[in-house]
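# Topology and contacts: notes
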Amino acid sequence: MANYEYRGQLLTIPENDSEYRGYFEAAGEHKLVVKKCGNCGLMRGEPGPGCPWCTSLDWEWVEVSGKGTIYSYQIVAHTVVPALKDLAPFAIVLVELDEQSGQPTSEDGLRIVANLLDADLKPEKEEKVSIGARVEVIFDDEPGGISIPHFKLSGEEPRGDTWQHII
Ligand SMILES: [Zn+2]
């Protein structure tokens, strides 16, 4: 059992936790990993032991580039988690990673949820967040050798249209 502290909260990762332990250990080495299905070969970012496309329980961690596009986002204006209260408002983004964009269908892809921060690991300003913006992973190193993957705007030109909620 490994215990870590993140912003004053206890984060416990059991030794036999195959769902998250490898993810945070890789992040501690500044590598972003996702699950790759051992049957169909598709990668997935969401938790869960089974492949959402072929239901196989066979998978392995694989490293990805951490580059992608904001597929959707939500601004959290009020949080019930005490450790995050001083960060609000902040953006939670759904990032479609480049490695599997548009696969297995144009409506589905390799997507992961994360916070959108600036280079100083502070929440990105709401007026800078938009669907279609290009992002890259950054790592927030925590005591104890783990790290939390987040994303920041990469500054690359968008590959298509962008959309932003009018503030
Ligand atoms: Zn599969």
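Residues numbered from 1 in each chain as written. Predicted model: local features only at pLDDT ≥ 70, side-chain atom pairs only at ≥ 80, totals over all residues.

### What about the confidence of the model for the protein?
- For the protein, per-residue confidence averages 91 on the pLDDT scale, and 99% of positions sit at 70 or higher.
- Taken element by element, the predicted model of the protein shows its lowest mean pLDDT in strand β1 (residues 2–6) (79) and its highest in strand β5 (residues 59–64) (97). (pLDDT = per-residue confidence, 0-100. Helix = DSSP H or I, 4+ residues; strand = E, 2+ residues; numbered from the N terminus.)

### Considering the nonpolar core
- Counting residues in each nonpolar core, the largest one holds 27 residues, and the members touching the most others are A27, I70, A91, V93, V95, L116 and F151.
- Elements represented by at least two residues in this core include exactly α1 (21–28), β3 (32–37), β6 (67–76), β7 (90–97), β8 (111–116), β9 (134–141) and β10 (147–153).
- Here the element with the most residues in this core is β7; it accounts for five residues.
- If we ignore the near neighbours within four places in the chain, the residues touching I70 are V93, V95, S130, I131, G132, A133 and V135. (Core = buried A, V, L, I, M, F, W, Y, C linked by C-beta atoms within 7 Å. Buried ≥ 20, exposed ≤ 12 C-beta atoms within 10 Å, placed from the backbone. Contact = placed C-beta atoms within 7 Å.)

### Overview of the environment of M43
- In this fold, M43 is placed in strand β4 (residues 43–44).
- For M43, a count of 19 C-beta atoms within 10 Å corresponds to the partly exposed category.
- Separated by 60 residues in the primary sequence, M43 and Q103 place their C-alpha atoms 9.4 Å from one another.
- Once residues lying within four places of it in the same chain are set aside, the contact partners of M43 are V34, K35, K36, V62, E99, Q100 and L110.

### Looking at the pairing of β6
- One ladder, built from three bridges, connects β6 with β9; its direction is antiparallel. In the strand pairing of β9, G68 is matched with V135.
- As defined by bridge partners, β6 adjoins β7 across eight bridges and the pair is classed as antiparallel. For G68, the partnering residue across the bridge sits in β7 and is L97. (Pairing = 2+ DSSP bridges.)

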